[in-house]
Amino acid sequence: MSPKTHSTYSVEEAKRHVIALERSGKLPGNNKNSAKQIMHPELDVEMYSKYEERLAQLKPARDFDLQRMALAAAVKLGITKFRASKGWVKKFRKRRGIVLRVTTKIGRKFAQADEDRIQERFFLHRIFEAVSLNQPHPYYIMNMDFKQTAEHV
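All of these numbers come straight from a predicted model, not from anything done at the bench.

A. Spotlight on helix H2 (residues 41-56). For H2, spanning 16 residues, the distance from its first C-alpha to its last is 23 Å, which sits close to the expected 22 Å at 1.5 Å a residue. Leu58 lies just past H2 and shows a positive phi near 60°.

B. Broad picture of the pattern of salt bridges. Following the criterion strictly, the structure yields eight salt bridges and no others. For Arg96, the salt bridge identified is with Asp44, shortest N-O distance 2.8 Å. In this pair, Arg96 sits in helix H4 (residues 86-96) while Asp44 sits in helix H2, placing the two residues 52 residues apart along the sequence. Note on Arg96: relative accessible area 1%, which makes it buried. With its nearest N and O atoms 3.8 Å apart, the salt bridge here joins Asp65 to Arg54. Highlighted residues: Asp65 in helix H3 (residues 63-77) and Arg54 in helix H2, separated in sequence by 11 residues. Taken individually, Asp65 and Arg54 each receive the classification buried, so the pair is uniform in this respect.

C. Examining H4 more closely. Buried residues of H4: Trp88, Val89, Phe92, Arg95 and Arg96, and no others. Buried residues in H4, looked at end-on, bunch into an arc of 125°, giving them a common side. Exposed side chains of H4 directed beyond 90 degrees from the buried face belong to Lys86, Lys90, Lys91 and Lys94. At the C-terminal side of H4, Gly97 shows a positive phi close to 70°.

D. A look at the packing of aromatic side chains. A complete count under the given rule lists three aromatic pairs for this structure. Here Phe82 and Trp88 contribute two aromatic rings whose centre-to-centre distance is 5.3 Å and whose plane-to-plane angle is 90°, an arrangement assigned as edge-to-face. The same class applies to Phe82 and to Trp88, which are both buried. Between the aromatic rings of Trp88 and Phe92, the centroid separation amounts to 5.3 Å while the plane-to-plane angle is 10°, which identifies the pairing as stacked. Within this pair, Trp88 and its partner Phe92 are both found in helix H4, separated by four residues, close to a single helical turn. Take Phe92: its relative accessible area is 0%, and that puts it in the buried class. Here the aromatic cluster, defined as three or more aromatic residues joined through ring pairs, consists of Phe82, Trp88 and Phe92.

E. Molecular detail of unusual backbone geometry. Backbone geometry places Leu58, a non-glycine residue, at a positive phi of 60°. Its location among the elements puts Leu58 in the loop between H2 and H3. At Lys81, a residue that is not glycine, the phi angle is positive and equals roughly 55°. Mapping Lys81 onto the fold places it in the loop between H3 and H4.

F. Local environment of the nonpolar core. If you look at the biggest cluster of nonpolar residues, it comprises 18 residues, and the most contacted ones within it are Leu43, Met47, Tyr51, Leu66, Phe82, Trp88 and Phe92. Beyond its immediate sequence surroundings of up to four residues, Trp88 is in contact with Leu43, Met47, Ala70, Phe82, Arg83 and Arg95.

About the cut-offs
- Residues numbered from 1 in each chain as written.
- Predicted model: local features only at pLDDT ≥ 70, side-chain atom pairs only at ≥ 80, totals over all residues.
- Heavy atoms only, no water.
- Helix = DSSP H or I, 4+ residues; strand = E, 2+ residues; numbered from the N terminus.
- Expected span 1.5 Å × (residues − 1).
- Salt bridge = Lys/Arg side-chain N within 4 Å of Asp/Glu carboxyl O.
- Buried < 20%, exposed > 50% of the residue type's maximum accessible area, 1.4 Å probe, protein only.
- Arc of directions from axis to C-beta.
- Phe/Tyr/Trp six-rings, centres within 6.5 Å; stacked < 30°, edge-to-face > 60°.
- Core = buried A, V, L, I, M, F, W, Y, C linked by side-chain atoms within 4.5 Å.
- Contact = heavy atoms within 4.5 Å.

Written out as structure tokens, the structure is:
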């Protein structure tokens, strides 16, 4: 497993789960759902290994990707009448503790370069110039950082 992991449990726990799945088709310590067996534990193990490979390659693994990988693994394992539905993917992610989050740059603070400061000053200068020349009513001036909703219109 790569050092940058999206799972919620340790490597040792994951190995223990893989062994338990191969033997009985059930996850250990899953008291809530202990009576239900996973229909194809070999598919579950194959899918998780493919998921880890994608993580190691820093490729995204969205629900659609997991569905595609599951169908390919089912064909490879000779499992017929398998549908990688959204419900199956959701349960697979829950069983394996996989959380899909998109890494974004929104909300991060970066050091501002000189060019950025110049562009910001120029933009603000143009806005102040437009406002002072046209003298619009304050009703028509809108804060661009503010999310406009029906309540605020």
